[in-house]
6 protein chains.
Amino acid sequence: MQRIDGRAAGELRNVRIVRHYLKHPEGSCYIEMGDTRVICSASIEEKVPHFLKNTGRGWITAEYSMLPRSTTTRTPRESVMGRINGRTHEIQRLIGRSLRAVTRLEHLGERTVWIDCDVIQADGGTRTASITGAFVALVDAVMFLLKEGKIDVFPLRDSVAAVSVGKVGGEILVDLTYMEDSKAQVDMNLVMTGRGEIIEIQGTAEEAPFTKSELDRMIEVGYEAIKRLTVIQREVLSDITHVWRF
Amino acid sequence: MQRIDGRAAGELRNVRIVRHYLKHPEGSCYIEMGDTRVICSASIEEKVPHFLKNTGRGWITAEYSMLPRSTTTRTPRESVMGRINGRTHEIQRLIGRSLRAVTRLEHLGERTVWIDCDVIQADGGTRTASITGAFVALVDAVMFLLKEGKIDVFPLRDSVAAVSVGKVGGEILVDLTYMEDSKAQVDMNLVMTGRGEIIEIQGTAEEAPFTKSELDRMIEVGYEAIKRLTVIQREVLSDITHVWRF
Amino acid sequence: MQRIDGRAAGELRNVRIVRHYLKHPEGSCYIEMGDTRVICSASIEEKVPHFLKNTGRGWITAEYSMLPRSTTTRTPRESVMGRINGRTHEIQRLIGRSLRAVTRLEHLGERTVWIDCDVIQADGGTRTASITGAFVALVDAVMFLLKEGKIDVFPLRDSVAAVSVGKVGGEILVDLTYMEDSKAQVDMNLVMTGRGEIIEIQGTAEEAPFTKSELDRMIEVGYEAIKRLTVIQREVLSDITHVWRF
Amino acid sequence: MQRIDGRAAGELRNVRIVRHYLKHPEGSCYIEMGDTRVICSASIEEKVPHFLKNTGRGWITAEYSMLPRSTTTRTPRESVMGRINGRTHEIQRLIGRSLRAVTRLEHLGERTVWIDCDVIQADGGTRTASITGAFVALVDAVMFLLKEGKIDVFPLRDSVAAVSVGKVGGEILVDLTYMEDSKAQVDMNLVMTGRGEIIEIQGTAEEAPFTKSELDRMIEVGYEAIKRLTVIQREVLSDITHVWRF
Amino acid sequence: MQRIDGRAAGELRNVRIVRHYLKHPEGSCYIEMGDTRVICSASIEEKVPHFLKNTGRGWITAEYSMLPRSTTTRTPRESVMGRINGRTHEIQRLIGRSLRAVTRLEHLGERTVWIDCDVIQADGGTRTASITGAFVALVDAVMFLLKEGKIDVFPLRDSVAAVSVGKVGGEILVDLTYMEDSKAQVDMNLVMTGRGEIIEIQGTAEEAPFTKSELDRMIEVGYEAIKRLTVIQREVLSDITHVWRF
Amino acid sequence: MQRIDGRAAGELRNVRIVRHYLKHPEGSCYIEMGDTRVICSASIEEKVPHFLKNTGRGWITAEYSMLPRSTTTRTPRESVMGRINGRTHEIQRLIGRSLRAVTRLEHLGERTVWIDCDVIQADGGTRTASITGAFVALVDAVMFLLKEGKIDVFPLRDSVAAVSVGKVGGEILVDLTYMEDSKAQVDMNLVMTGRGEIIEIQGTAEEAPFTKSELDRMIEVGYEAIKRLTVIQREVLSDITHVWRF
């Protein structure tokens, strides 16, 4: 079966990552996966949340937002609504957890890295693109800390990337567009490390429950895609291999 | 290895479900899993959200809350904070999705079932206990609709129950207490149907990534526990077998 | 005239108080007055509001909430509305004042007792049941402080209980159900001490003004009911008579 | 005992009411009780709250606010805080109830009278001054409806006025200044009709409970003061006696 | 062309300023420009915003609000809406900037002057009347600081007053009423010092763009009006000429 | 005097406008003025605000926001703060007014154009860049309406562009960077049409008042800059000259 955009079931959309996209943040990048486009930045704050004070450990937290017209029809701003909705909360918690899972927080020192993922254009997979891009921004923020002498040890233990997998019309597809996602019977987001371990798996039956063997197949397909994303991340970050090789 | 409370790794805590716990709601129950205690209610509203108007389909939505002193130290009320936090959003979206996944919404008619899960006392696994209890309340609300002649067809296609599984000190444990949960390296919530299919799987590496084979083992252990919860649900609902047998 | 539920005009509904209802709070109870059911807890916080800092005095404050489906039709959560409504404010201020009026705050030390009254099921008189139950929870929180050696002197000077009184169909009734309350011409809440002094009186003409002699009659009837509530509180707390006898 | 400002225990402060204080509202007045100064307005809206639609009945609702510097030290605006506090809620509900209690709402027609009480300067008794002034504004709004031919029957059945009474240093005082109020052992607000019936009584033990005979004495003193306020209202409204005499 | 109220194009409405209008604030006044009536107060707070801590400099900030029925039809309170609208923000920022521009903030010491402008009745030009009145309140607050010995040097370097100018039906008019304002093609607010320098100019094409020469003409007309307002301010403040002459 | 970046006093930074920057909105562009980068979109909604219903007239409204790390240090999101601050309100009102001033709203039909200006990177002049870019997005949205046959007449009567002008160190500079802006004694934003008429002028004395002749000089310098921006807009939109030539 060929997909609308001609891709094979296990094929990623075109991925493009532009490092140093913004001049102010310590780390930043622009990531495109097909028509999904996200600006990721990583900002250092020399403070930690209350529960980490005097522990010597750092923190990574994420915020996610969509421009009002990143979507097919205009979505009202959350600032205007006066509150952040459940989906946004869910996504930004996922991004934060995913990055923390590959970070030795005790090597960050008592500071916070704020990850901002702002979706410029949405066409499915905005949360997974955010994670893949945020990792690149995080690496640059960490490099900044090293150069400034604020930390001595490179604090990341592995890379992290993410992809969506879904069962659409009975078939397992990877990196779903918005169109495919809206017809999916099962929707899964998979976050894995460069070494192939799982950081987060979220599988949801949108319409009908799924079997263990379907789950296994989705993880397999997702794993292959994440391997390719890891290769792209490595290329983009190839100039830091003297410090860290993942 | 024996657990603090003497349970085996795959053993559930004591489960107790009291049906018809409240007099006003169309369906309600009280569920205890060890020291975790939740009041679940299901309320019928003869209205659907905007996007379902004139589709003939119904909706199920959930709200979740904890009493301020359900927790070890007092948690400020979300009504006082003026906003619902991310964790609450995440949980109530999970509960809603889980129940919708076993419901033929077109057989509900254009009405909404509001599920309210209020945690009276928390000791780990409040979201999974909420799902297991909410299913019982939902069945009674649906029975109410049948008795009132508002629907003709029993709209549920399977039962649903949920359990937490975690990796604690290298071991896979089921139905974690708060103490165990706070030490878990991996934390998973598994929602399955009575027939053993997966509705939702959420696995999170709290500290270190996990392998596919660890995931498989966790699903296996969780599945066994959900089978036992399903038996308990069946007993509690044994008087409706003339209408529905799951 | 006999009332719907067969009670005499001055008769209370069945009262049931379960002490130590929750495992986390320093004091807690469950109170039932007929179909009105409330969970009360008393939590110690080792802090006082700003205006009491460095005065050596403590504080008691209350929060009140109703489960969404404690009511005949579902009431939206205040956390979802984003604000606490006027009725809730009014009630929680009343509960707080009532308990402070029988407490020697200078003997509490610089700490706050948070009273939480959560209505599980509502059938009239939720605020008065909350006060009567909250007193029991407060006593246990105070006993906790004594046992922990945090205070030396028992800081309560009297007990407190409350009841509603109303003029319904020309007759003065005590402890109104929701049905009676909604038909009342005059609605009064009376909070008194075990010794029979008044802490708070709130009488409201819902439909038509009332005379001083009607007020006198309502107070008289309410006083008799509060005496019976005091007896019940004494029984429930009979094991602390070595420390305090009220 | 003479009071700080030379008044006798049962003596009111100077009362001044200026009718037609604002040009836009259908009814408005300015009321001064000593240094307490309030602007009251009554605005007609040709709509009723949802629960009154198609009942033919009208509604009266009140809002109360204090200018930030009406108080000794500046009080932050509730609009800036983003929420209305409990005291404000309590007061505006009291004002609304008091006016509704003397109004035949079925004779108002399906419209709402919005009462706005804005405290320009506060020196105790702002809620009672608001009620006394709001009644005058309400009369003028009602006269407007009559003149416009929107209603045929004068819908008020009695006048309403209010006063504070307190026990200060063992003595029963009427119309307390802020200074007196802050030292009161018992604080009572009494709302009565021109014919001497009670609309609302709220008595609170600020420090120590009070006896029934103290309550009786406070009501007696308050009643005398309200009689004098009624006389002042009558004088101010003497030109409407062809329509209504209270 | 004669205006509705008989004024000439460049003529101000009647201006009336009552100093010391409130007893609590350090400075306050009541200002009337025709039917526009505003209460202005200036409150001293011995604190500065975060960004000024340890700089030795003071701050002036303003809040602006309208009574709900200052307007032709009732405007809902911002406290009830839960947020301050854009127009209010715009106006209070303008008032604050205007006063700061004539103040040597380093001579205020580390304290804040809170300016509150509350519109009692609105008939056009409420923001400009607020500025003109707020200056008088500010002078009195500053005199208070001098008398109390909290500052040594009079910190104002000039007076400030403001007026609206508009192009209505092709003609340039000053001090517009609400009626005139609502028909204006161009709307300008001009804030100037007593010495005739510009502090703020805000000119807006409501309907059609305007030329530079029209702008020049509006400034000229506005300047003449501000000179007359300055004379009135001087008269009102004539008793402080031993300290400051502007 | 040469400026930090080598520009002459009256020289603009490099301007770059990319049309059709996003795929979903009816009109969109990306605008760069030096390091200031803004995404502008124009979305059609087939609805008008309440006050325009059944008038046949359309509306244009704008929202403005900055990415958290568009600024030197991270600015908290307004969605997280729960409210939009005063500066944002001020700016988005300015953008909306500026575009409406060149639009024949009666030719838009009863629909709203939502303008979204999202600042990706901020280095001074974000509001003026937003206006200049928003005009281009608006033109494309209007072209969309024409092509779709929803309107017959091109509804814009002129182009609009904006620039900042300031007095920095005694000199009049155009198109200020953030650095220059923060040292400016006078700060002016000028919005003009392609034909050289004024739509909005906002001049603010940040530190010291300014004279009429300084104002004249600033307008002159700003006017020259806006002429150059108009030329750039014309080039970017050169393909629509068959429909409209400005």
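Details of the structure are given in the entry above.
Everything in this summary refers to the structure shown in the same document. (Residues numbered from 1 in each chain as written. Chains lettered and ligands numbered in written order. Predicted model: local features only at pLDDT ≥ 70, side-chain atom pairs only at ≥ 80, totals over all residues. Heavy atoms only, no water.)

## Considerations on the side chain of Gln 92 of chain B
Then, in step 1: Inspection of the secondary structure assignment puts Gln 92 of chain B in helix α2 (residues 86–100).
Then, in step 2: Other than its neighbours up to four places away in sequence, Gln 92 of chain B contacts Ala 62, Glu 63, Tyr 64 and Ile 84 of chain B. (Helix = DSSP H or I, 4+ residues; strand = E, 2+ residues; numbered from the N terminus. Contact = heavy atoms within 4.5 Å.)

## Here's the deal with the arrangement of the chains
Then, in step 1: Separated throughout, chain A and chain D approach each other most closely at a C-alpha pair spaced 11 Å apart.
Then, in step 2: These two, chain C and chain F, are apart from each other, with no contact and a minimum C-alpha gap of 11 Å.

## Some words on the sheet that holds strand β1 (residues 15–19) of chain F
Residue and element names in this part refer to chain F.
Then, in step 1: What the five strands build is an open sheet, ordered β1-β2-β3-β5-β4; its pairing is mixed. Each edge of the sheet is formed by a strand with only one pairing partner; in this case those strands are β1 and β4 (59–66). Going from strand to strand, the sheet's axes swing by 15° on average, the running direction of each strand aside.
Then, in step 2: Relative to strand β2 (residues 27–33), β1 is paired through five bridges, and the arrangement is antiparallel. (Pairing = 2+ DSSP bridges. Axes fitted to C-alpha atoms, helices over the stretch in contact; angles between N-to-C directions.)

## Structural notes on the interface of chain E and chain D
Then, in step 1: The partner chain D presents 36 residues to the 36 residues of chain E that form the contact.
Then, in step 2: Across the chain E to chain D interface the summed buried area is about 3000 Å²; carbon plus sulfur atoms make up 49%.
Then, in step 3: At the junction of chain E and chain D, the tally comes to 16 salt bridges.
Then, in step 4: A salt bridge links Arg 74 of chain E to Asp 116 of chain D, with the shortest nitrogen-to-oxygen separation between them at 2.6 Å.
Then, in step 5: Where chain E meets chain D, there are 26 residue pairs in polar contact (both at pLDDT 80 or more).
Then, in step 6: Here the side of chain E that touches chain D is built from residues that sort into 14 nonpolar, ten polar and twelve charged. (Buried area = accessible area lost by both parts, 1.4 Å probe. Salt bridge = Lys/Arg side-chain N within 4 Å of Asp/Glu carboxyl O. Polar contact = N/O pair within 3.5 Å; in protein donor to acceptor, adjacent residues only side chain to side chain. Nonpolar A, V, L, I, M, F, W, Y, C, P; charged D, E, K, R; others polar.)

## Examining the sheet that holds strand β1 (residues 15–19) of chain E
One key point about sheets: their strands pair by backbone hydrogen bonds, in either a parallel or an antiparallel sense.
Residues and elements named next belong to chain E.
Then, in step 1: A sheet is described by the order of its strands in space; here five strands give the open sequence β1-β2-β3-β5-β4, paired in mixed fashion. The outermost strands of the open sheet, each flanked by one partner alone, are β1 and β4 (59–66). Geometrically, the sheet is characterised by an average inter-axis angle of 15° between neighbouring strands, direction not taken into account.
Then, in step 2: Of the strands in this sheet, β4 and β5 (112–121) are in contact with helix α2 (residues 86–100), which crosses β4 at around 145°.
Then, in step 3: Of the strands in this sheet, β1, β2 (27–33), β3 (36–45), β4 and β5 are in contact with helix α3 (residues 126–147), which crosses β3 at around 35°.

## Looking at the relation of the copies chain E and chain D
Then, in step 1: Under the fitted operation, chain E is carried onto chain D by 0.0 Å of movement along the axis and a turn of 180°, and the coordinates agree to an RMSD of 0.0 Å. Taken together, the rotation and translation describe the operation of a two-fold axis. In terms of C-alpha distance to the rotation axis, chain E has Ser 79 of chain E as its closest residue, with the C-alpha 1.8 Å off the axis.
Then, in step 2: Residue by residue, 100% of the interface of chain E is reproduced at the interface of chain D, so both copies engage with the same surface. (Least-squares fit on C-alpha atoms with pLDDT ≥ 70 in both.)

## What to know about the pattern of salt bridges
Then, in step 1: One pass over the structure, following the stated rule, counts 175 salt bridges over all chains.
Then, in step 2: The closest approach of N and O atoms between Glu 224 of chain D and Lys 227 of chain D, which form a salt bridge, is 3.5 Å. With a gap of three residues between them, Glu 224 of chain D and Lys 227 of chain D both fall in helix α5 (residues 212–236), about one helical turn apart.
Then, in step 3: When its relative accessible area of 38% is taken as the criterion, Lys 227 of chain D is described as partly exposed.
Then, in step 4: For Arg 93 of chain E, the salt bridge is made with Glu 90 of chain F, and the minimal N-O distance between the two is 2.7 Å. Of this pair, Arg 93 of chain E sits in helix α2 while Glu 90 of chain F is found in helix α2 (residues 86–100), placing the two residues in two different chains.
Then, in step 5: On the accessibility criterion, Arg 93 of chain E (30% relative accessible area) is partly exposed.
Then, in step 6: Taking the relative accessible area as the measure of exposure, Glu 90 of chain F reaches 9% and is therefore buried. (Buried < 20%, exposed > 50% of the residue type's maximum accessible area, 1.4 Å probe, protein only.)

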